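# A look at the structure
This is what each chain is made of:
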Amino acid sequence: MAKKVGKSQRIQTVTLVDLTGGMNVAKSPEFLKQNECVNLENFEFDIEGDKLRTRRGLGSPLHTFDSPITYIYNDYEMNDFFIFLENKKIYRYEFGKAPQFIGTLNGDAKRPTCTKFGGNLLMASGGKLQKYNYQTVSEIAESPNADIVFTRSGRVVVSKSGQDLLIYSSIGDEEDWHENSNDDSARKDVNVGYKDGGDIVGVAELATDLLVFKNNGLIYTVQNEPSDWNIMQLGSKSDFISRHACTNLGKDVVFMSTTGLKSYATSLTYSNFEPKDIGEKCNPLIKRRVDNPFIFDLRRTKQLVISGDSGNTVYVYHYGLKAFSKWVFPHKITSICENRYHVLVSMNENDTSGSLYELRWDNHDDNKTTIHQEIKSGEIRDTHQMNVYRTYIDVMSDTAGSGDISINETVIHHTWTTEEQQKEFKSQIRSPKLQFKFETDSNIVFKFVSFDIVKENEALVSQGSSSSGRRNSGFGAKKRSSKHDDFLKGTGSSNRNPYG
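Residues numbered from 1 in each chain as written. Predicted model: local features only at pLDDT ≥ 70, side-chain atom pairs only at ≥ 80, totals over all residues. Heavy atoms only, no water.

This part covers the overall build of the protein. Of regular secondary structure, the protein possesses three helices and 40 strands. Taking all 500 residues of the protein together, the buried fraction comes to 52%. Put simply, of all contacts in the protein between residues at least 6 apart along the chain, 55% involve residues at least 24 apart. Split by element, the accessible area of the protein, about 22800 Å² in all, is 44% carbon and sulfur. (Helix = DSSP H or I, 4+ residues; strand = E, 2+ residues; numbered from the N terminus. Buried < 20%, exposed > 50% of the residue type's maximum accessible area, 1.4 Å probe, protein only. Contact = heavy atoms within 4.5 Å. Areas by Shrake-Rupley, 256 points an atom, 1.4 Å probe, with all protein chains shown as cover.)

With that settled, the discussion passes to the pairing of strand 36 (residues 373–396). Within strand 36, 18 of the 24 residues are buried, which leaves the element mostly enclosed by the surrounding structure. Summarising the sheet, strand 4 (residues 39–41) and strand 36 pair through three bridges and their orientation is antiparallel. Its bridge partner lying in strand 36, leucine 40 is registered against isoleucine 375. Summarising the sheet, strand 36 and strand 39 (residues 422–440) pair through 15 bridges and their orientation is antiparallel. Paired with isoleucine 380 across the two strands is leucine 434, which belongs to strand 39. (Pairing = 2+ DSSP bridges.)

Attention now goes to the sheet that holds strand 31 (residues 332–338). The sheet built from four strands is open, its strands ordered 7-33-32-31 with antiparallel pairing. The outermost strands of the open sheet, each flanked by one partner alone, are strand 7 (63–65) and strand 31. Put simply, the sheet's adjacent strands are angled 20° from each other on average, direction ignored. Sheet topology note: the strand 31/strand 32 (residues 343–348) ladder contains six bridges and is antiparallel. Bridged to cysteine 337 within strand 32 is leucine 344. (Axes fitted to C-alpha atoms, helices over the stretch in contact; angles between N-to-C directions.)

Generally speaking, nonpolar side chains in soluble globular proteins are found buried as a group. Core analysis: the largest hydrophobic core is formed by 46 residues, its most contacted members being Leu40, Ile306, Phe324, Phe436 and Phe446. Ranked by residue count, the leading element in this core is strand 36, at six residues. Excluding anything up to four places from it in sequence, isoleucine 306 contacts Met256, Leu261, Ile286, Phe294, Ile295, Val314, Tyr315, Tyr317 and Phe324. Counting residues in each nonpolar core, the second largest holds 28 residues, with Tyr71, Cys114, Phe294 and Tyr357 among its members. (Core = buried A, V, L, I, M, F, W, Y, C linked by side-chain atoms within 4.5 Å.)

Within the element layout of this structure, threonine 440 appears in strand 39. Taking relative accessible area as the criterion, threonine 440 reaches 3% and is therefore assigned buried. Here the side chain of threonine 440 touches serine 442 through a polar contact of 3.0 Å, landing on its backbone nitrogen. In contact with threonine 440, other than residues within four places in its own chain, are Ile371, His372, Gln373, Ser402, Gly403 and Trp416. (Polar contact = N/O pair within 3.5 Å; in protein donor to acceptor, adjacent residues only side chain to side chain.)

For the protein, the average pLDDT comes to 88, and 88% of its residues sit at 70 or higher. Here residues 465–484 is a poorly scored stretch, pLDDT under 50, and it has 15 contacts once near neighbours within four places are set aside; other chains count. Taken together, the stretch residues 489–500 has pLDDT below 50 and engages in 13 contacts with residues farther than four places along the chain or on a different chain. (pLDDT = per-residue confidence, 0-100.)

Our focus in this paragraph is the pattern of salt bridges. Scanning the entire structure with this criterion turns up 30 salt bridges. Linking arginine 390 and glutamate 424 is a salt bridge whose minimum nitrogen-to-oxygen distance equals 3.7 Å. Residue arginine 390 is located in strand 36, and its partner glutamate 424 is located in strand 39; the two are separated by 34 residues in the primary sequence. Classification of glutamate 424 as partly exposed rests on a relative accessible area of 37%. Here aspartate 452 makes a salt bridge to arginine 390, at a shortest N to O gap of 3.2 Å. Of this pair, aspartate 452 sits in strand 40 (residues 445–462) while arginine 390 sits in strand 36; the two residues are 62 residues apart in sequence, bridging distant segments of the chain. Of the two residues, aspartate 452 and arginine 390, both sit in the buried class. When salt bridges that share partners are traced, they join Arg390, Glu424, Lys426 and Asp452 into one network. (Salt bridge = Lys/Arg side-chain N within 4 Å of Asp/Glu carboxyl O.)

Read from one edge to the other, the open sheet built from four strands follows the order 12-13-14-15, with strand pairing classed as antiparallel. In this open sheet, the two edge strands, each paired with only one partner strand, are strand 12 (113–117) and strand 15 (137–139). Strand-to-strand twist in this sheet, taken as the mean axis angle between neighbours without regard to direction, amounts to 25°. With three bridges joining them, strand 14 (residues 130–132) and strand 15 adopt antiparallel strand pairing. Residue pairing for strand 15: tyrosine 132 is matched across the bridge by valine 137.

Inspection of the entire model under this criterion finds 17 aromatic pairs. Each ring, one from phenylalanine 240 and one from phenylalanine 255, has its centre 5.8 Å from the other, and the planes form 40°; the classification is tilted. Of the two residues, phenylalanine 240 sits in the loop between strand 23 (230–235) and strand 24 (246–249) while phenylalanine 255 sits in strand 25 (residues 252–257), which places them 15 residues apart along the sequence. Residue phenylalanine 240 shares its accessibility class with phenylalanine 255, and that shared class is buried. For the ring pair tyrosine 392 and phenylalanine 448, a centre distance of 5.8 Å and an interplane angle of 25° mean the geometry is stacked. Of this pair, tyrosine 392 sits in strand 36 while phenylalanine 448 sits in strand 40; the two residues are 56 residues apart in sequence, bridging distant segments of the chain. Given the relative accessible area of 30%, tyrosine 392 is considered partly exposed. (Phe/Tyr/Trp six-rings, centres within 6.5 Å; stacked < 30°, edge-to-face > 60°.)

If you want it as C-alpha cells, here you go:
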C-alpha cells in the first residue's frame, strides 16, 4: 500500500509573450493554449513583425455633424469619402478639407449601399436609385426600388429586401431599365429561390459567382451572367442577419449570423454546404447582441472589424494570424472605412450629432479619453498551493509611463522611464489557482511579463519502504535548496518569506 512521504518542489515559469493566438472566451480559462488569453483589450498586432502594441487612437474630431453618422463609403477612383447621416444628408469629404453637402437620400434605410459605375456614384437606400455625377445628386426615375446595388459584367444589379428578384440593368446604362425579351443587352430579371418562402437580405460577390442570402436561412449561388444563369442552393440555416454584415475575405465570404461570425469557403464542395465558424473563439461575446451589426475590412492591416450592435465595443479579427482582440471606445462606433492613406471612423457621442475621426498611430487617445489596455491570462490550477515568487516585465515605450500587474487580487505597480522599462519584482503570493493580468493607460509595445512559480508535488512510496529509503528519496530540505534559487532557502514548512 502506498503512502505519502513528503513533498517536492519544482519551478515553473509562465510567460505572457507570444499572444498571437489572441482572445479565446469559448474555452474555460484553464484550458487555453499558451499563446491565447481571456482578454486582449485595446491592443492590435502590428502588421510588420506581429508586435503587440496599443491600438491606434482617434484623436480629435475631423468634423462634427448635426446628426449621427450611419455609414462611410470610399470612392477608390477619386479617393474621396462619402458620409451618410441619420437625417438622410449626404456629404462628400476630401481628406483635410471641409465636408461638402451634396444632397439627401430618398429611401428609408438607415445605411445605404453604394457602388461606382461609369464614373458616377450610385446609391440605394430603399427608394429609386440615386446617382451622383460629382456635380449633383439625381434620382433615376426608371430604376426599381432598391436597397442593394452592385455592378456585374457591365450592368448595374439591384435588389430590395422583401423580394426574390435580382434585376440587371441594360448593358452600359444605369438609367435604362426597360425589358425587351428580344434584346440580350436589355434589362434582365432572375428569381432566386422561387417560392421557397424567403426573401433576399444580402448578396456577396465572388469572382465568378454571386452568393445570395435569404431570410429563411437558405443560401444560393448564381453562376454565369444573363441569360445563361445557373442557380443552385448551397445550404440552409445560415442565420444570416444583414447585408451590412457581409464581406469578401480573399476567396471566402464572411458574414454575421445569430450565432456569431461565419464564413463560406469557395473551395468547399457546393453540395451539402455548411458555414464555418471562423469567429469561434469570440462568438460567445459577439453574438450577445446582433440587432445592428456591421463588418468592415481594413485590408492594409489585415483586420476585420466586427460589431453586433454598433456599440462602443468592436471585435477585431486579425486574419493574418487568425486571432481576435477587442477595442473599446468612449462612444458608439457605426462605421469604419479606409482608403489608400487614411482610416476614418464615425463615433456618435449622442443621438443628435456624430463626429468623424481618423484612426492612426500618432493618436494616443480617443478625443482626450485615455486608451485603457488589458491583457488577462488563462488560469493555472493545482491541487497544492503554488507560490509566485518572482515577476519580470519588459515593455517598450517612447515616453515614461506606468502599469499594473495583477496576480489574482494582488496588484504590483510598475513605473518606467524612457531609459529603464524593464523591472523585476519579488513576492510571496500563494494560491492553488493563479491568473495574471496587465493593465496600462500608456502607449506601449508589449514585450513580455514572466512569472516564476514554485509548485509542490507529493511523493508516494510503498508502506514497506525503510526510513533510510525516505531519506534518499530526494524530498528533504537540503535537496530542495540545491535545486532552486538561493532565494528559496529556508522556506520549508514555515512558509517564511525568503526576503524577510
